[in-house]
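Residues per chain are reported as follows:
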Amino acid sequence: MEQLFKDQVDGLQEAHFLVLYWVTTAEDRKLRYNITNCFDDLKSLRITRTKQTAAAVVEALRALRFIDVRDEGNRRNIYITAYGARALEALVLRRAFAVKKSAFLEV
Amino acid sequence: MTMGIGGAGSKLAFLYDGEATIVNVSEAELSKLPAKNRILAVVHSATGQLRGSRKNPQIGREAFLSIKREMLAQICGNLVFSSTGGGTGNGITASLLDDLAHRETVPAGEKTAFVLLLPYAKLEPAEFIDNTIGFLRGPLSQAIDSGNTGNIFLFTNRLKFESKLSEQDYNAALIESLKVFMAIPRKGESFRLLDGHVDYEDFDLYLSKPYFNHFTYFHYDPEVDFQKQLEANLNPYLLPPEKPIEALFLLEVPAGGDPTLFYDILSHFAKDNVTPVYSVVENPELDKPFVTVSLLYSRKPAELVDDFNRVSHAHTQAKVRKSLEQHVPLPVLRVSLESEAKRQGKQQGADEAEILTVLRRLGKL
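K.L.:
Before we move on, could you go through the pattern of salt bridges and cite the residues and values that matter?
P.N.:
Residue and element names in this part refer to chain A. All chains considered together, the criterion is met by 21 salt bridges over all chains. Put simply, Glu2 and Arg86 hold a salt bridge, and the shortest N to O gap is 3.2 Å. On the criterion of sequence distance, the pair formed by Glu2 in helix 1 (residues 2–10) and Arg86 in helix 5 (residues 82–94) is long-range, its members being 84 residues apart. On the accessibility criterion, Glu2 (54% relative accessible area) is exposed. Overlapping salt bridges, with partners in common, bring together Lys6, Asp10 and Arg94 in one network.

Below, the structure written as structure tokens:
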């Protein structure tokens, strides 16, 4: 199973890494990070231009059980899971991607 | 008849010929010379008649429209003086050349010779250089290609600036030099002819050829190679010549001198397949042979423009630098790539460590 986890982390791209990072930061600051925030940030960094791609990134992370997506009110908020934390740790230690700021979290 | 256009052109023309017609957009400038014939080119701004053309050839071009008919009638078969750096001389002369370039043909007897004074690129204002580049590249180039001009004399201000001469002295020396060349047919007529012949008609025909004219004169030593003497005595007021296409010379020998010296000069030109028009006369006032020689050459204006462009570029850079120094106090930014890389690395490491700390704090790890 460890090899499967490693392969799953290897398959993650920059957008996945950033979403995991932003979700963690938001949770640390007692903020709720939702799919719309995620799309806005990915768009402002020119990683994607469409909401479908942002939704696909989030859906992939959810399918891998790296995040939870909860319907709260009329928002779909995102929370990192223990698996997601380990995946983010692996990416950080590997220095796979550079951290980029979230416009939502900076405000 | 002679015509001088603009400030510099008028001064030169009037020095050369006291009967010269002078042209300017400024009445004040016109009245500075006691010329009998003056043409005021009319050009108005919102505040009335302009008193100069601000080194802007476009103003000269607009002014030309008011005197076009009068000027075109007067320049036929004549000599026009102008500078290429200023606004009036450049603009009006450029318009004249444009007009000539667009005619079908101009008969030999009606062609106009141009005496042009080029700025010294190293020390004269950048506007003069820019104007000259535009003039050489455009109107002059087209007029030469059309074959509708006569000789073009490219005088330069180089010696004036290098030798620090007053404008009056320099202009006088330049005109004296031109007069030596222009005196060839008169000398041919007044002195005893020993060989060849250059009469007024021959000389006018030579002047009507659409090439650059470099002339010079010196005491001829038959013991020394003519090429060496020519190279040592190039006219310092004119741009240096290229290989000649045609040539003309007048050899004056003292009374009782050897009238066959000219054969060596003919042999010199024969090496370049040039057959000069020549005349040999006896001048009793001389004690040594004296030769006046003219070379007609074709020089692509692009080559001249290249020379100017190089200096113009340096001028532009200097202007930008000055402007920055005076108006924009930019601090000198010293970037060490090594320390910058270390700083970035440290920053990234800090982010990474922080993420892991946060994950632990959240109890996710």
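K.L.:
Can you break down the interface of chain A and chain B residue by residue, with the values?
P.N.:
On the side of chain B, 12 residues touch chain A, which itself brings 16 residues to the contact. Between chain A and chain B, the buried area comes to about 1300 Å², and carbon and sulfur atoms account for 67% of it. Our count for the contact surface shared by chain A and chain B stands at two salt bridges. Residue B:Lys364 pairs with A:Glu27 through a salt bridge whose shortest N-O separation is 3.4 Å. Linking chain A to chain B there are three residue pairs in polar contact (both at pLDDT 80 or more). Of all elements in the fold, only helix 2 (14–28) and helix 5 of chain A reach the threshold of two or more residues within the side of chain A that touches chain B. Among the elements that take part in the side of chain A that touches chain B, helix 5 of chain A stands out by supplying seven residues, more than any other. The residue makeup of the side of chain A that touches chain B, split by class, is nine nonpolar, two polar and five charged.

The rules behind each value
Residues numbered from 1 in each chain as written. Chains lettered and ligands numbered in written order. Predicted model: local features only at pLDDT ≥ 70, side-chain atom pairs only at ≥ 80, totals over all residues. Heavy atoms only, no water. Salt bridge = Lys/Arg side-chain N within 4 Å of Asp/Glu carboxyl O. Helix = DSSP H or I, 4+ residues; strand = E, 2+ residues; numbered from the N terminus. Buried < 20%, exposed > 50% of the residue type's maximum accessible area, 1.4 Å probe, protein only. Contact = heavy atoms within 4.5 Å. Buried area = accessible area lost by both parts, 1.4 Å probe. Polar contact = N/O pair within 3.5 Å; in protein donor to acceptor, adjacent residues only side chain to side chain. Nonpolar A, V, L, I, M, F, W, Y, C, P; charged D, E, K, R; others polar.

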